[in-house]
Amino acid sequence: MDRSRWPVFVTGTVCRGFGRGSRDLGVPTANLSQEVVDGLPDFLVPGVYMGWASVDGGRVDKMVMSLGWNPFYANEKKTMEVHLMDKYEEEFYGSTLRVVVLEYIREEKSFSSVDELVRAIRSDIATARQRLDTPQYLAYKDFKFFTGDT
Ligand SMILES: Cc1cc2nc3c(=O)[nH]c(=O)nc-3n(C[C@H](O)[C@H](O)[C@H](O)COP(=O)(O)O)c2cc1C
């Protein structure tokens, strides 16, 4: 991995997903618009990532995200879905989401049940929670990028 290209900063509008995130999985996700997904750099390969995110310049929260085609659901469109780990409001369609993507966690997989998918997501969240508390990652929380001043 070429670290000089990291982290990846992404800004976009939150769009409607398929609505399964909270309904089936109990893990609400904010989907970014197709233009944003299409404009992501190629080195950001499909998979699960961790980092920080904020909605409309508000509090910066820990996030995990899934980028790709969700093999469990066999989506036809590539999506970028961000789960804000400490935010409980579920609907912020139309809001501006700012994301700093810091680290790849794993590739996207298909699972034999929704339960297994949920277990994998819970494990991603636990991994991210710990890693993001390290000083080199905490530093990004206060980046000007999040307040929209840059
Ligand atoms: C941290 C995280 C990891 C995920 N990992 C996978 C995965 O390995 N395979 C998969 O098919 N979907 C994965 N997903 C995507 C979920 O399937 C997706 O969030 C769900 O389908 C909701 O999509 P929707 O909001 O568009 O309805 C992951 C989502 C998150 C937030």
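Now for a description of the structure that goes with this document. Since the model is a prediction, treat every value here as computed from it, not as a measurement.

1. A look at the sheet that holds strand β4 (residues 61-68)
Strand order in the closed barrel made by the 6 strands is β1-β2-β5-β4-β3-β6, with antiparallel pairing throughout. Each strand axis lies, on average, 45 degrees off the axis of its neighbour in the sheet, ignoring direction. Sitting on the sheet, helix α3 (residues 114-131) is in contact with β3 (47-55), β4, β5 (79-84) and β6 (96-106), with an inclination near 100 degrees to β6.

2. With respect to the environment of V64
With respect to the helices and strands, V64 occurs in strand β4. Sequence spacing of V64 and Y49 is 15 residues, and the spatial spacing of their C-alpha atoms is 5.6 Å. Apart from the residues within four sequence positions on either side, V64 is in contact with Y49, M50, E81, V82, H83, M85, I105, D124, I125 and A128.

3. Observations concerning the site of the ligand
In the vicinity of the ligand lie 24 residues, with R20, F72, E81, R106 and K109 positioned nearest. Here an oxygen atom of the ligand and a backbone polar atom of P71 are 3.2 Å apart. Protein contacts shield 99% of the accessible area of the ligand, which totals 630 Å² for the unbound molecule. For the shell around the ligand, the secondary structure elements donating two or more residues are α1 (20-23), β4, β5 and α3.

4. What about the environment of E91?
Within the element layout of this structure, E91 appears in the loop between β5 and β6. Once the C-alpha coordinates of E91 and T11 are considered, the two residues, 80 residues apart in sequence, prove to be 18 Å apart.

5. So, the pairing of β4
As a general feature of sheets, a regular strand has side chains that alternate between the two faces. Of all 8 residues that make up β4, 8 are buried, and the element is covered over most of its length. Every second residue of β4 is oriented toward a common face, with D61, M63, M65 and L67 on one face and K62, V64, S66 and G68 on the other, all of them buried. Sheet topology note: the β3/β4 ladder contains 7 bridges and is antiparallel. If you follow G47 over to β4, its bridge partner there is L67. Where β3 hands over to β4, the hairpin turn is made up of 5 residues, of which D56 adopts a positive phi near 50 degrees. Across 6 bridges, β4 lies against β5 in antiparallel orientation. By the bridge assignment for β5, L67 is matched with M80.

Cut-offs applied
- Residues numbered from 1 in each chain as written.
- Predicted model: local features only at pLDDT ≥ 70, side-chain atom pairs only at ≥ 80, totals over all residues.
- Heavy atoms only, no water.
- Pairing = 2+ DSSP bridges.
- Helix = DSSP H or I, 4+ residues; strand = E, 2+ residues; numbered from the N terminus.
- Axes fitted to C-alpha atoms, helices over the stretch in contact; angles between N-to-C directions.
- Contact = heavy atoms within 4.5 Å.
- Near = heavy atom within 4 Å.
- Polar contact = N/O pair within 3.5 Å; in protein donor to acceptor, adjacent residues only side chain to side chain.
- Areas by Shrake-Rupley, 256 points an atom, 1.4 Å probe, with all protein chains shown as cover.
- Buried < 20%, exposed > 50% of the residue type's maximum accessible area, 1.4 Å probe, protein only.

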